[in-house]
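Geometric and topological summary
Chain by chain, the residues:
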Amino acid sequence: QVQLVESGGGLVQPGESLRLSCEATRSIFSFRVYNMAWYRQAPGKQRELVASISTGGDTNYADSVKGRFTISRDNSKNTVYLQTTSPKAEDTAVYYCNARRTDIVGTTTIYWGQGTQVTVSS
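A quick note: this is a predicted structure, and the numbers were derived from the prediction, not measured.

Under the definition given, this model contains four salt bridges. For Asp91, the salt bridge goes to Arg40, with nearest N and O atoms at 2.9 Å. On the criterion of sequence distance, the pair formed by Asp91 in the loop between strand E8 (79–84) and strand E9 (93–102) and Arg40 in strand E4 (residues 35–41) is long-range, its members being 51 residues apart. For the residue pair Asp91 and Arg40, the accessibility class agrees, reading buried in each case. With a closest N to O distance of 2.8 Å, Arg68 and Asp91 form a salt bridge. Here Asp91 lies in the loop between E8 and E9 and Arg68 lies in the loop between strand E6 (59–61) and strand E7 (69–74), a separation of 23 residues in the sequence. On the basis of relative accessible area, Arg68 is assigned to the buried category, the value being 13%.

A few words now on the pairing of strand E3 (residues 18–25). Every regular strand shows the same layout, with side chains that alternate between the two sheet faces. As defined by bridge partners, strand E1 (residues 3–7) adjoins E3 across five bridges and the pair is classed as antiparallel. In the sheet register, Glu6 faces E3, and the bridge partner there is Cys22. Two strands pair when backbone bridges link them, and E3 and E8 are joined in this way by six bridges, in the antiparallel orientation. When the bridges of E8 are listed, Arg19 appears paired with Gln83.

Turning our eyes to something else, we now look at the environment of Gly8. Secondary-structure assignment places Gly8 in the loop between E1 and strand E2 (10–12). Along the primary structure Gly8 and Ser21 are separated by 13 residues, whereas in three dimensions their C-alpha atoms are 6.2 Å apart.

Rules used throughout
- Residues numbered from 1 in each chain as written.
- Predicted model: local features only at pLDDT ≥ 70, side-chain atom pairs only at ≥ 80, totals over all residues.
- Heavy atoms only, no water.
- Salt bridge = Lys/Arg side-chain N within 4 Å of Asp/Glu carboxyl O.
- Helix = DSSP H or I, 4+ residues; strand = E, 2+ residues; numbered from the N terminus.
- Buried < 20%, exposed > 50% of the residue type's maximum accessible area, 1.4 Å probe, protein only.
- Pairing = 2+ DSSP bridges.

By themselves these figures say nothing about function.
Quick look at the structure:
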């Protein structure tokens, strides 16, 4: 069973740097063939896509974080990152890592991490 393990969350002040990591743990997991993404869910709100990165490195961001957040991946470490140097109070949420792949016959496989809490507050 593949596990996605997030880390790096916690309490940060507005404007303080933050980097979340998500490592896929299973030696035979072909991380490089999965599109990776970060989602978040704030209290009382639906889970929303924050950023995604394709197997080829193409990135996509929600309008609310564009220009502030950066998603990246290191296939040699089976890890995807999400970082910001300018978090705001409205970024407070539980952040989830997501791995998604659709194979040549159309079967989609999705994995989720357990989530990591990020609280932005002074």
